[in-house]
Amino acid sequence: MKKLWGILSLSLVAACVPGTLPPGPPESALGFVVQPGAARTFDFPDPAGEAQRLFRPGPDRRAVALARAGRNLIGVGVREFPGEDRSEPIAWVSGDKGRDAREIVLPQDRPGRWAPAAVAAEGDQVLVAGSLGGDLRVWASGDAGVSWTVSPVQVRGSDLWFSTVLRTGGEWLLAGGSVDDALIVTGAPGAWVTASAGEGRILGGTVDKAGKAVLFGDRTESNETGTANRACTVVWVAEGGWRRGELGCPAERITAAVTLEDGRVVLASSRDLWTRPS
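Everything numeric here is computed off the predicted structure, so don't read it as measured data.

Cut-off values and rules
Residues numbered from 1 in each chain as written. Predicted model: local features only at pLDDT ≥ 70, side-chain atom pairs only at ≥ 80, totals over all residues. Heavy atoms only, no water. Patch = residues over 30% accessible without salt bridge, like charges linked within 9 Å, V, L, I, M, F, W, Y side chains within 5 Å. Areas by Shrake-Rupley, 256 points an atom, 1.4 Å probe, with all protein chains shown as cover. Salt bridge = Lys/Arg side-chain N within 4 Å of Asp/Glu carboxyl O. Lys, Arg positive; Asp, Glu negative; His and termini not counted. Charge placed at Lys NZ, Arg CZ, Asp CG, Glu CD. Helix = DSSP H or I, 4+ residues; strand = E, 2+ residues; numbered from the N terminus. Buried < 20%, exposed > 50% of the residue type's maximum accessible area, 1.4 Å probe, protein only. Pairing = 2+ DSSP bridges. Axes fitted to C-alpha atoms, helices over the stretch in contact; angles between N-to-C directions. Polar contact = N/O pair within 3.5 Å; in protein donor to acceptor, adjacent residues only side chain to side chain. Contact = heavy atoms within 4.5 Å. Core = buried A, V, L, I, M, F, W, Y, C linked by side-chain atoms within 4.5 Å.

Participant: What is the right way to read a negative patch on the surface from this model?
Facilitator: Taken together, D159, D180, D181 and E199 make up a surface patch of like negative charges. By the element assignment, E199 lies in the loop between strand 13 (191-195) and strand 14 (201-207). Owing to a relative accessible area of 39%, E199 belongs among the partly exposed residues under this scheme.

Participant: Looking at this model, I keep getting lost on the sheet that holds strand 6 (residues 114-122). Mind explaining?
Facilitator: Within a beta sheet, neighbouring strands are joined by backbone hydrogen bonds and run either parallel or antiparallel to one another. With antiparallel pairing, the 4 strands of this open sheet are ordered in space as 6-7-8-9. Two strands bound the open sheet, and with one partner strand each, they are strand 6 and strand 9 (149-152). The mean angle between the axes of side-by-side strands here comes to 25°, regardless of whether they run parallel or antiparallel. Pairing of strand 8 (residues 135-141) with strand 9, which is carried by 4 bridges, proceeds in the antiparallel orientation.

Participant: How should I be thinking about the pattern of salt bridges in this particular structure?
Facilitator: Opposite charge on two side chains allows them to pair when their charged atoms are near. Counted under the stated rule, the structure contains 21 salt bridges. Of the charged contacts in the structure, one is a salt bridge between R62 and E80, with a shortest N-O distance of 3.8 Å. Of this pair, R62 sits in strand 2 (residues 61-69) while E80 sits in strand 3 (residues 72-80), and the two are 18 residues apart along the sequence. Residue classification places R62 among the partly exposed residues on the basis of a relative accessible area of 43%. Here D135 and R110 are joined by a salt bridge, their closest N and O atoms 3.1 Å apart. Of this pair, D135 sits in strand 8 while R110 sits in the loop between strand 5 (102-105) and strand 6, and the two are 25 residues apart along the sequence. Judged by relative accessible area, which is 33%, D135 ranks as partly exposed.

Participant: In this structure, what is going on with the pairing of strand 12 (residues 182-188)? I would like to understand it.
Facilitator: The buried count for strand 12 comes to 6 of 7 residues, which makes it a mostly enclosed element. Bridge analysis of strand 11 (residues 171-177) against strand 12 gives 6 bridges, and the strand direction is antiparallel. Each bridged residue has a counterpart across the sheet, and for G176 the counterpart in strand 12 is L183. Between the end of strand 11 and the start of strand 12, which pair antiparallel, lie 4 residues. Relative to strand 13, strand 12 runs antiparallel, the two being bridged by 5 bridges. In the sheet register, T186 faces strand 13, and the bridge partner there is V193.

Participant: Please clarify how the side chain of S141 should be interpreted in this entry.
Facilitator: Tracing the backbone through its elements, the reader meets S141 in strand 8. Looking at S141, its side chain comes within polar contact range of the main-chain oxygen of S147, at 2.9 Å. Beyond its immediate sequence surroundings of up to four residues, S141 is in contact with D124, Q125, V126, V146, S147 and W148.

Participant: I'm lost on the nonpolar core in this one. Help?
Facilitator: Burial of nonpolar side chains together is a common tendency in soluble globular proteins. The biggest cluster of nonpolar side chains holds 18 residues, and the ones touching the most others in it are I74, V76, V119, V126, V128, W139 and W148. Listed by contribution, the elements that provide at least two residues to this core are strand 2, strand 3, strand 4 (87-94), strand 6 and strand 7 (125-132). Per-element accounting of this core gives the leading share, 4 residues, to strand 2. Leaving out residues up to four positions away in the same chain, V126 has contacts with A69, I74, V119, A120, A121, W139, A140, S141, A144, G145, W148 and W172. Membership of the second largest hydrophobic core comes to 16 residues, among which are V153, V155, L183 and W192.

Participant: It is not clear to me how the environment of N229 should be interpreted in this structure. Could you clarify?
Facilitator: For N229, the location among the structural elements is in strand 16 (residues 229-238). N229 sits 207 residues away from P22 along the chain, and the two C-alpha atoms are 8.7 Å apart. Beyond its immediate sequence surroundings of up to four residues, N229 is in contact with L21, T220, E221 and S222.

Scope: geometric values only; no functional claims are made or implied.
Here is the structure:
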C-alpha cells in the first residue's frame, strides 16, 4: 500500500507541480456547445500545409497562408536569409491549382524582419496582414495578386501582431494582439478603426452564415500569488458590437475555426470541439 500511495503521490505532483495552475475543463458560451474529446471526428483544413504542398516554396522559403482570389490561388509566405537579421514577404500566384506559380516579392517600405501571417480575398481583392518587428503592415491587391501595395496600420500599442484576416460586411477585419490586449481592426488600407476587444490575444476566426465574424483566442489566468498561470480560451462574436465569451481553460487550446455548409460554426483544439448552430 505504501508503494501504491507513493505512485499516486508522484502522479499528483506531476499533474500539478507546485507553483503551476492545472488546466480546467472546457466550457460553453455564446451559443457554443462543447464536445470534449470529439475533435478527431472532424477533418479541418490546413491552409499553410496546403500552400506548402501546392507551391513547394524551396530552400529558405516557408508558406504560411492560402486563399483563392478570382481564378487565382495565392499562397503567402516568407523568405529567410540565414545569418542575416532580415526576411522578405513573398506571394505565390497561380491560376492552375498551384502549378506554374509565379513567386512575387511583396513590396517593403523599409528593411527588416518581415512576417506576413494571414490572407483573405473577395473576388479579385486580396489583403495580406503581417508585421515588421512591433509595427503592423498590410499588403493589398486589386487584381488577384498580380500587383501589390504595402501600407502601415496605425494602432496604438507595443509588440503588435496580426494572426487573422477576414472579409466581412463589405470591409476587411484584421485581428491579433499586443503586449496588453487582443486587437481587432476593421476598415480598409488608410482608413482603419480599432475596436475594443479586452484582455487576451486573437489566434484565428471565421465568418458565419450571416456574414459576421467569429474569432477565437486565449488569455492568461494567474494564480493568487501571480507566480503561475494557465491559458484560458476566449471567443468573440460580432453581434451589435463585440460579444465576448469564456470557453474554460482546457489542456489544449483552439487552433482552427470553420463554418460548415449547413451554417454551423465549429471551433476545434487537437482534442475538443465547440459547435454553434446556424
